[in-house]
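Descriptive structure summary
The residues making up each chain are set out below.
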Amino acid sequence: MKINISTPFKFLPIIVVILLCSPCRKTFAQPKSIYFDGNRITTNAERATSYGVYGKLSGQDLWVLKRYDLYDNLMLSGSYKDEQLSKPHGKFIFYGSIADYNYQNFSNFKNPKTDRYITQQGEYVDGMEEGQWTDYFPDGTVMGYRTYEKGKLEGKVEFFNYRGRRLLLGHYKDGLKTGTWYDLKRKVKEVFNNDQLVSTAKLTKAEIADIE
């Protein structure tokens, strides 16, 4: 049963108190609550689809945010260079529901302690993705890697199944697919030039064994 949209906000003072009383209390200045309608900040709590608590790090031009859904489940944590939370900067961690993942993927992951898990993490620099970003299965196994340079995909991309066998291998250059991409699920290799598909061919057993 879905809770009333106003219910989570009753807990905001408690969350703020926890932030103030934590071992890191000296690093924050005046934690505040904030509402989101989708990914946009809203002042209308009745339209909010999620909410957050954020505060400025003392002595730094960084605002740290923890964002929750309407069931009080943590969705993400990260930091921004502005109080309007428009320019992400620093490490971001995204969270999801194990039950939702199982339902969507016909799987059966379990964790007796919690339904939440880290789905993805990576870093922003001045509002743009930078460096390696990683996706995870609900048991913490790595699902895939990709690398960014100034917000654009660059270099190798790899994705795996939950047993660790490679499913996809390819490369990006300046945000565009380039070179040979190996799709182990479909057992094909595709050649790209500036994101344009040039050719497709079936993978041989020897190629599959070498890539896996």
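Our subject in this report is the structure included herewith. (Residues numbered from 1 in each chain as written. Predicted model: local features only at pLDDT ≥ 70, side-chain atom pairs only at ≥ 80, totals over all residues. Heavy atoms only, no water.)

**Points about the environment of Asp82**
Threshold: Think of it this way: any DSSP run of H or I at least four residues long counts as a helix, any run of E at least two long counts as a strand, and we number them from the N terminus. When accessible area is computed with a 1.4 Å probe and restricted to protein chains, residues below 20% of their type maximum are described as buried, those above 50% as exposed, and intermediate ones as partly exposed. Any pair of residues with heavy atoms lying within 4.5 Å of one another is described as a contacting pair.
Along the chain, Asp82 turns up in the loop between strand S5 (74–80) and strand S6 (90–97). Take Asp82: its relative accessible area is 15%, and that puts it in the buried class. Considered as a pair, Asp82 and Leu62 are 20 residues apart in the sequence and their alpha carbons are 6.7 Å apart. Excluding residues within four positions of it along the chain, Asp82 makes contact with Trp63 and Lys87.

**Observations regarding the nonpolar core**
Condition: To define a nonpolar core, start from buried Ala, Val, Leu, Ile, Met, Phe, Trp, Tyr and Cys residues and group those joined through side-chain atoms within 4.5 Å.
By size, the foremost hydrophobic cluster in this structure holds 17 residues, and its most contacted members are Ile34, Tyr54, Leu65 and Leu85. Residue assignment for this core shows that the elements contributing at least two residues are strand S1 (28–37), strand S4 (63–69) and S5. Ignoring sequence-local partners within four residues, the contact set of Leu65 consists of Ile34, Phe36, Gly52, Val53, Tyr54, Leu76, Ser77, Gly78, Tyr80 and Leu85.

**Some points on the pattern of salt bridges**
Selection criterion: Every case where a carboxyl oxygen of Asp or Glu lies within 4 Å of a side-chain nitrogen of Lys or Arg is listed as a salt bridge.
If you walk through the whole model with that rule in mind, you get twelve salt bridges. Put simply, Arg186 and Glu190 hold a salt bridge, and the shortest N to O gap is 3.4 Å.

**A look at the pairing of strand S8 (residues 128–136)**
Definition in use: Here a strand pair is declared whenever DSSP counts at least two bridges between the two strands.
Strand direction decides the pairing type here: strand S7 (residues 116–125) and S8, joined by five bridges, are antiparallel. Counted as the bridge partner of Glu123 is Glu130 from S8. Counting the residues between successive antiparallel strands, the hairpin from S7 to S8 contains two residues, one of them, Asp126, with a positive phi of roughly 55 degrees. Examined bridge by bridge, S8 and strand S9 (residues 142–149) share six bridges and lie antiparallel to one another. The partner of Gly131 across the bridge, within S9, is Tyr148. With antiparallel pairing between neighbouring strands as the criterion, S8 and S9 make up a hairpin whose turn holds five residues, including Gly140 at a positive phi of roughly 90 degrees.

**As for the pairing of strand S14 (residues 188–193)**
Of the two faces of S14, the one lined by Val188, Glu190 and Phe192 is fully buried and the one lined by Lys189, Val191 and Asn193 carries no buried residue. Between strand S13 (residues 176–183) and S14, which pair antiparallel one after the other, the connecting turn spans four residues, and Lys187 there sits at a positive phi close to 60 degrees. Alignment of S14 against strand S15 (residues 196–202), held across six bridges, turns out to be antiparallel. Within the sheet, the bridge partner assigned to Phe192 lies in S15 and is Leu197. Two successive antiparallel strands, S14 and S15, enclose a turn made up of two residues, where Asn194 displays a positive phi of approximately 55 degrees.

**Considering the packing of aromatic side chains**
Selection rule: A pair of Phe, Tyr and Trp rings is counted when the ring centres sit within 6.5 Å of each other, with Trp represented by its six-membered ring. The angle between the planes then sorts it: under 30 degrees is stacked, over 60 is edge-to-face, the rest tilted. In our convention, an over-ring charge means Lys NZ or Arg CZ found within 6 Å of a ring centre and within 35 degrees of that ring's normal.
With the rule as written, the count across this model stands at 15 aromatic pairs. Geometrically, the ring pair formed by Phe92 and Tyr124 is edge-to-face, given 5.1 Å between the ring centres and 75 degrees between the ring planes. Taken together, the positions of Phe92 in strand S6 and Tyr124 in strand S7 put the pair 32 residues apart, joining distant regions of the chain. Side by side, Phe92 and Tyr124 carry an identical accessibility label, which is buried. The interplanar angle of 75 degrees and the centroid separation of 6.2 Å between the aromatic rings of Trp133 and Tyr148 together place this pair among those described as edge-to-face. Of this pair, Trp133 sits in strand S8 while Tyr148 sits in strand S9, and the two are 15 residues apart along the sequence. Of the two residues examined, Trp133 and Tyr148, each falls in the buried class. Through a chain of ring-to-ring contacts, the aromatic side chains of Tyr80, Phe92, Phe94, Tyr124, Trp133 and Tyr148 assemble into a single cluster. Above the plane of the ring of Trp63 lies Lys56, whose end atom (NZ or CZ) is 5.6 Å from the centre. Over the ring of Phe36 we find Arg67, and its NZ or CZ is 4.1 Å from the ring centre.

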